[in-house]
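# Structural features, examined
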Amino acid sequence: MYTYIYSASLQRKAYAQKIEAVETRLGVFGISGEIRRLSHFFTLEGVVRDILKRKNQTVVVVGEDRTLFEVINIFAGKPVCVGFIPLMESFYGKLLGIPSGEAACEVVAARRIETLDIGRIDRHYFLESAVGDLPAQTVIRCGDFCLTSKRRSRVHFANIGFGSPTDGVFETVVSSRPIFSKDWRIDALVSVPECFLEGGTVTLALDQLQSVANASRVTLESGSLQMIVGRGKRFD
């Protein structure tokens, strides 16, 4: 059974024609379903309980990246398959090989499902990466690997980009920028399922959409997300 969650931004009239085209295309493929439109008064939390009561659920976000990010964070580790139909410029769409607009309906209909790892910081999840600047003398501990950051350093926890979101590890990339240089230099790269940050106050940006302050531990939730992807996805 399909449930379609519409981003709150789709209430604007500018999207009416695109929505109509998508709904028509879904009907042609025989995968129409229940529609839940988000708004200031109707949030995701009101949808979750109903969806989790049902079996064999496919939740498809229609709209923007932020809504998909929120859906991933809510349904991570749950028996739900997640799909996406972007109706605007989309970082996730490019990452997952999903075109914008009604062409994305073909990807949903094809149901090419991958079981993906996702990163976790406290109660927050990320699909692609968590990135942030490191205060000097921050200690990064990843298994047997240990490094103390320099000035003008940053850390990049990459679930997708340097490796694959199906390999059970994420890549920890520590970079620094020398004085009078505009270029970042990689000081270390290590593949691990868990990493600790000690001795500094670190804020990490998750998938370019949400910031988490005082991050101290990054872990990988292996195989925690079922996702419909396109053939042009940017990972193996």
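Details of the structure are given in the entry above.
So, a few notes on the structure that sits alongside this text.

### Quick look at the side chain of Asn-73
Its location among the elements puts Asn-73 in helix H3 (residues 65-75). Taking the relative accessible area as the measure of exposure, Asn-73 reaches 19% and is therefore buried. From its side chain, Asn-73 meets the backbone nitrogen of Tyr-125 in a polar contact 2.7 Å long. In this structure, Asn-73 is in contact with Arg-123, His-124 and Tyr-125, ignoring residues within four places of it in sequence.

### Some thoughts on the side chain of Thr-172
Summarising the element assignment, Thr-172 is placed in strand E11 (residues 170-176). Residue classification places Thr-172 among the buried residues on the basis of a relative accessible area of 1%. If we skip the residues at most four places from it in the chain, Thr-172 touches Ile-140, Cys-142, Val-155, His-156, Phe-157, Ala-188, Leu-189, Val-190, Val-192 and Cys-195.

### Remarks on the packing of aromatic side chains
The tally for this structure, following the rule as stated, stands at three aromatic pairs. Each ring, one from Phe-91 and one from Tyr-92, has its centre 5.5 Å from the other, and the planes form 45°; the classification is tilted. The buried category is assigned to Tyr-92, whose relative accessible area is 0%. Seen in terms of ring centroids, Phe-157 and Phe-170 are 5.8 Å apart; in terms of plane orientation they differ by 85°. Their pairing is edge-to-face. Of the two residues, Phe-157 is situated in strand E10 (residues 153-158) and Phe-170 in strand E11; the sequence distance between them amounts to 13 residues. Under the relative-accessibility criterion, Phe-170 is labelled buried at 0%. Across the ring face of Trp-184, the terminal group of Arg-154 is positioned such that the distance to the ring centre comes to 3.9 Å.

### Let's talk about the state of the cysteines
Taken as a whole, this structure holds one disulfide when the rule is applied. Cys-105 supplies the cysteine sulfur nearest to Cys-81, a cysteine that is in no disulfide, at a spacing of 15 Å. Free cysteine: Cys-146, not disulfide-bonded; nearest cysteine sulfur from Cys-142 at 8.9 Å.

### Focus: the pattern of salt bridges
Tallied over the full model, the rule gives 12 salt bridges. Notably, a salt bridge pairs Glu-23 with Arg-37, separated by 3.8 Å at the nearest N-O pair. With Glu-23 in helix H1 (residues 16-29) and Arg-37 in strand E2 (residues 34-37), this pair connects stretches of sequence that are 14 residues apart. For Arg-141, the salt bridge goes to Glu-198, with nearest N and O atoms at 2.7 Å. Of the two residues, Arg-141 sits in strand E8 (residues 139-142) while Glu-198 sits in strand E13 (residues 194-198), which places them 57 residues apart along the sequence. Overlapping salt bridges, with partners in common, bring together Glu-34, Arg-36, Asp-50 and Arg-54 in one network.

Definitions and cut-offs
Residue positions within a chain follow its written sequence, with the count starting from 1. The model is predicted, so local features are restricted to residues of pLDDT at least 70 and side-chain atom pairs to those at 80 or more, both for listing and for counting; the totals for chains, interfaces and linings are taken over all residues. Side-chain measures here rest on the full set of heavy atoms in the structure, leaving out hydrogens and waters. The numbering of helices and of strands both runs from the N terminus, where a helix is a DSSP run of H or I of at least 4 residues and a strand a run of E of at least 2. Think of it in three bands: with a 1.4 Å probe and only protein chains considered, a residue is buried below 20% of the maximum accessible area for its type, exposed above 50%, and partly exposed in between. Counted as a polar contact is a pair of N or O atoms within 3.5 Å, where, for protein atoms, one must be capable of donating a hydrogen and the other of accepting one, and residues adjacent in sequence contribute only when both atoms are in side chains. Contact criterion: two residues are considered in contact whenever any of their non-hydrogen atoms come within 4.5 Å of each other. Each Phe, Tyr or Trp ring, with Trp reduced to its six-membered ring, pairs with another whose centre is within 6.5 Å; inter-plane angles below 30 degrees give stacked pairs, above 60 give edge-to-face pairs, and intermediate values give tilted ones. The rule for a charge over a ring is simple: NZ of Lys or CZ of Arg within 6 Å of the ring centre, and within 35 degrees of the ring normal. Two cysteine sulfurs form a disulfide in these notes if their separation is within 2.5 Å. The salt bridge definition used is simple: a Lys or Arg side-chain nitrogen within 4 Å of an Asp or Glu carboxyl oxygen.

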